[in-house]
Amino acid sequence: MKAFTSVSPRSLPDAVTALSRARQQGQHAIIVGGGSDALALIKERLIAPDLVVRLTGIRQLDGIARDSNGLTIGGETTLAAMARHDELRRAYGVLAQAAESVATPQIRNAGTLAGNLAQRPWCWYYRNGFTCFKNGGNTCYSAAGENQFNAIFGGGPSFIVHPSDTAPALVALDATFRIVGPKGERTVPAAQFFTLPTVNPARENALEDDEVLTSIHVPAAKAGMRSLYHKVMDREAWTHAIVSAAAVLRMDGNVCRDARIVLGGVAPIPWRLTEVEKLLVGQTMNDALIDRAAAASTTGARPLRNNAYKVPLVQAVVGRALTDLRA
Amino acid sequence: MSPTISRRRFLEGTGAAVVATTIAGPSGAQGTADITGTPPHAPGARTTRISLTVNGTARQIEVEHRWTLAETLRDHLHLTGTKIGCDRGECGACTVLVDDTPMYACSQLAIWMDGRHITTVEGLSANGQLDPLQQAFIDHDAPQCGFCTSGQLMSAKALLAANPAPTIDEVRAAMTGNVCRCSNYAHYTEAVLAASRQTDRRRV
Ligand SMILES: Cc1cc2nc3c(=O)[nH]c(=O)nc-3n(C[C@H](O)[C@H](O)[C@H](O)COP(=O)(O)OP(=O)(O)OC[C@H]3O[C@@H](n4cnc5c(N)ncnc54)[C@H](O)[C@@H]3O)c2cc1C
Ligand code: FES
Ligand code: FES
């Protein structure tokens, strides 16, 4: 690794100041939480920072707090802490399960929620240093290359899939992201935090330079809410989703009153199935309805040469998620 | 393999090596402060003196900011029981306990460990006695080549500290972050379950 300086500010203003001061001095500064992704990027020479600003020592950004409107999860909260949090497990199963499905115990013990949401893509062209859109180039090698793990929805000009497991869960829960930067503070709905490659093919989200993702707010769980995260991998552990589904339903007996179905592993952003949701709302959950929902879940899919297998997989995952939630 | 060396004898040989590396080292010197001093640094690299506790011993060391915990333990504190397999969070050979929590030492910077308590495989044995887990690993032929073994031990140690009587599924879940290239998973799982029963017995 090229030599760099690492600092661990004790407060958020100190962190933002360190980041923008470094930039004014012409230095390349990066934010780090658990470091499980960022250190890999440095070792692979995909980035060569002069300054690493580590946020996990900032107490106010670590932990889960409850208020009358729901839960606020600090960006530096570890995935392990989320997975074992009683209220998350009970009332927001989709999020606790998504956090628990990430990688391995060692990575969840170090990895943070903000780092999980802001992690860079794991497309092998990008990770192996090809000068693609994500590495400052102007092409996507997966489009005509090895694309078995790439997007079937929303691709172009880059065909990465968004790698985060917690991202689809948070979109399905209608979460809000709080962002603090040199220009102040803003909040963004989860669905608008993640951005398509048509917005900027070099980036995956709305974060600007020196902006810190500080916390995530999930609204209070409504009566009758049930949720789950279903993840399919090419082996049973320690890897990103090939296809996943975050499903949140509000049920009134057998009748579905509200639905959010958001896919992971299939698009450059968490991919919400609005048409499937419409099909479910107001209906009695039965096998026939679930079959129709599963069949409708891949409307508009545009597989690449090597990833058409994801189409029936999405249908199966959506079908299984709805069946499990009905039971 | 030469017909005069049986697989069993070969295994006993590697098993002995595992024991030797795990009971050697400074773990006996619990609690004594040791100023490791200033290892050689690359010219121009930014360094900082950090204080951490390694296997019960307070250590101070001047680290380059870019040094990982794994390379610091191995190259500068000379605790080579911690292995580096992939150096990128994909194998688990480098697993150590940071404040009793398993983490990949290759994916943490040493400078982030200021003030923390690190336990490595060298810290498992006490007073020349193997940890029951280490003995169970030997009894159950858990290590084959042995490269993943110290990482497996550290994940298992953290599991049994939190959950002294795990189910087989709990053992598997706790050890998913440790790949065994020799694929000796069944023996590792058996060994951890056996050690847990033994710990239980000693308790009653
Ligand atoms: C072998 C392996 C398997 C993995 N498997 C999975 C998986 O199954 N599912 C999954 O979702 N992920 C997976 N990951 C990806 C990732 O390492 C983890 O998701 C982890 O949660 C990232 O968190 P971190 O705190 O370690 O991130 P870091 O490495 O600290 O940061 C990741 C990125 O986010 C940025 N960042 C961090 N914090 C902030 C912040 N507060 N504000 C703005 N930007 C920020 C950093 O600059 C960096 O670019 C895997 C990684 C590895 C190495
Ligand atoms: S060397 Fe750290 S996980 Fe492989
Ligand atoms: S014993 Fe050889 S890698 Fe596990």
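One numbering rule holds for all chains: residues counted from 1, following each sequence as written. The naming scheme follows written order: chains are lettered A onward, ligands numbered 1 onward. Given that the model is predicted, a residue must reach a pLDDT of at least 70 before its local features are reported, and side-chain atom pairs must reach 80 or more before they are shown or counted; all residues, however, enter totals for whole chains, interfaces and linings. Note that water and hydrogens are dropped before the side-chain values are worked out from all heavy atoms of the structure.

Participant: Looking at this structure, how should I read unusual backbone geometry?
Facilitator: Glycine aside, residues mostly have negative phi, and peptide bonds are mostly found in the trans state. In the segment running from A:Gly156 into A:Pro157, the intervening peptide bond is cis, with an omega of 0°. Look at B:Asp100: it is not a glycine, yet its phi comes out positive at around 70°. Secondary structure elements are defined from DSSP: runs of H or I of at least 4 residues count as helices, runs of E of at least 2 residues count as strands, and each element is numbered from the N terminus. Its location among the elements puts B:Asp100 in the loop between β4 (95-98) and β5 (101-104).

Participant: Help me understand the site of ligand 1 in this model?
Facilitator: Whether a residue is near a molecule or strand is decided by its heavy atoms; if any one of them lies within 4 Å of it, the residue is near. Near ligand 1 you find 36 residues, and of these A:Ile31, A:Gly33, A:Ser36, A:Ala38 and A:Asn116 are the closest. This site is not confined to one chain, since residues near ligand 1 come from chains A and B. In protein, a polar contact requires one atom able to donate a hydrogen and another able to accept it; more generally it is a pair of N or O atoms within 3.5 Å, and residues adjacent in sequence count only if both atoms are side-chain atoms. A:Thr112 is positioned with one of its side-chain polar atoms (N or O) 2.7 Å from an oxygen atom of ligand 1. One nitrogen or oxygen atom from the main chain of A:Leu213 is found 2.9 Å from a nitrogen atom belonging to ligand 1. Areas reported here follow the Shrake-Rupley algorithm with a probe of radius 1.4 Å; residue values treat only the protein chains shown as occluding. Protein coverage of the free-state accessible area of ligand 1, which is 980 Å², stands at 95%. Only β2 (29-32), α7 (113-118) and β8 (212-219) of chain A provide two or more residues apiece to the shell around ligand 1. Broken down by element, the shell around ligand 1 gets its largest block of residues, 4 residues, from α7(A).

Participant: Could you clarify how one ought to interpret the interface of chain A and chain B in this entry?
Facilitator: Often, the extent of an interface is quoted as the loss of accessible area upon association of its parts. Taken together, the contacts link 22 residues of chain A with 29 residues of chain B. Its largest share of buried area at the contact with chain B, chain A owes to A:Lys43, A:Gln106 and A:Trp238, together 31% of the area lost on that side. Between A:Lys43 and B:Asp87 there is a salt bridge, with the nearest N and O atoms lying 3.1 Å from each other. Mapped onto the side of chain A that touches chain B, the elements with two or more residues apiece are β1 (5-7), α2 (38-43), β3 (51-54) and α6 (105-110) of chain A. Looking at the side of chain A that touches chain B residue by residue, the class counts come to 11 nonpolar, 7 polar and 4 charged. Here, two residues are considered to be in contact whenever any of their heavy atoms come within 4.5 Å of each other. The term buried area means the drop in 1.4 Å probe accessible area that two parts suffer when joined, counted for both and summed. Criterion for a salt bridge: a side-chain nitrogen of Lys or Arg within 4 Å of a carboxyl oxygen of Asp or Glu. In this count, Pro and Cys sit with the nonpolar residues alongside Ala, Val, Leu, Ile, Met, Phe, Trp and Tyr, while Asp, Glu, Lys and Arg are called charged and the others, Gly among them, polar.

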